[in-house]
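Inside the fold
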Amino acid sequence: MSATYYFAIVGTNDSPLYEAEFGVQRDESKYLNQFIVHAALDLVDDAQLMSTACYLKTVDRYNNWNVSAYVTPSNVRLMLLHENKMDEAIRSFFVDAHELYLKTMLNPFYEPNAPIQSQTFSTKVSTLAKKHLL
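Because the structure is a prediction, the values reported are computed rather than measured.

1. Examining the overall build of the protein chain
Within the protein chain one finds 4 helices and 5 strands. Relative to the globule expectation of 14 Å for 134 residues, the C-alpha radius of gyration of the protein chain, 14 Å, shows essentially globular dimensions. Taking the principal axes of its C-alpha atoms as reference, the protein chain extends roughly 40 × 35 × 25 Å. For the protein chain, the proportion of its 134 residues judged to be buried stands at 43%. By sequence separation, contacts in the protein chain at least 24 residues apart represent 55% of the contacts at least 6 residues apart. Element-wise, carbon and sulfur atoms account for 53% of the exposed surface of the protein chain, whose accessible area totals about 7,500 Å².

Here's what the structure looks like:
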């Protein structure tokens, strides 16, 4: 059985900037995944107050799902919903995804807190997921 991952980048105003699913995709769980990640945002804020690290590890659990978070210095949250606990691989994925997000932010045509709709960005995130998670 292959693992399922749901990755989201959440802006400073709590709106989703980017969403992607990796592994086995189930249509009926799409909105549930969004709900679980959105519900964990308050827990990310609480964990952020307790730690100075960007990678906050697992901040919430829902049934057999874990929510891991990475907070950038600009308070953009990278969040991953996953079943398996692989802290080092998830941290590496977050670091590389953060670097990719920074490169997107350096684009003069990108507005901060605007949804990321670039096909190139999606392809690179998928490549990172295959490298670190799948």
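2. Regarding the pairing of strand β2 (residues 16–23)
The sheet contact formed by strand β1 (residues 4–10) and β2 spans 7 bridges and is antiparallel. Its bridge partner being in β2, T4 is matched across the sheet by G23. Where β1 folds back on β2, the antiparallel hairpin that results is connected by 5 residues, among which D14 adopts a positive phi of roughly 65 degrees.

3. Quick word on a nonpolar patch on the surface
On the surface, a nonpolar cluster with roughly 300 Å² of combined accessible area is contributed by L32, F35 and Y62. Mapped onto the fold, Y62 is located in strand β3 (residues 55–62).

4. Quick word on helix α4 (residues 119–132)
The end-to-end C-alpha separation of α4 is 20 Å, in line with the 20 Å expected for 14 residues at 1.5 Å each. Inspection of α4 places F121, V125, L128, A129 and H132 among the buried residues, and these make up the whole buried set. An end-on view of α4 places all buried positions within 100 degrees of arc, on one side of the element. For α4, the exposed residues lying more than 90 degrees away from the buried face are Q119, K130 and K131. Looking at the buried residues of α4, the elements they touch are β1, β2 and α3 (87–105). With a side-chain oxygen lying 3.2 Å from the backbone nitrogen of T120, the N-terminal cap of α4 falls on S118.

Thresholds, definitions, all that
- Residues numbered from 1 in each chain as written.
- Predicted model: local features only at pLDDT ≥ 70, side-chain atom pairs only at ≥ 80, totals over all residues.
- Heavy atoms only, no water.
- Helix = DSSP H or I, 4+ residues; strand = E, 2+ residues; numbered from the N terminus.
- Rg over C-alpha atoms; globule rule 2.2 N^0.38 Å.
- Buried < 20%, exposed > 50% of the residue type's maximum accessible area, 1.4 Å probe, protein only.
- Contact = heavy atoms within 4.5 Å.
- Areas by Shrake-Rupley, 256 points an atom, 1.4 Å probe, with all protein chains shown as cover.
- Pairing = 2+ DSSP bridges.
- Patch = residues over 30% accessible without salt bridge, like charges linked within 9 Å, V, L, I, M, F, W, Y side chains within 5 Å.
- Salt bridge = Lys/Arg side-chain N within 4 Å of Asp/Glu carboxyl O.
- Expected span 1.5 Å × (residues − 1).
- Arc of directions from axis to C-beta.
- Polar contact = N/O pair within 3.5 Å; in protein donor to acceptor, adjacent residues only side chain to side chain.

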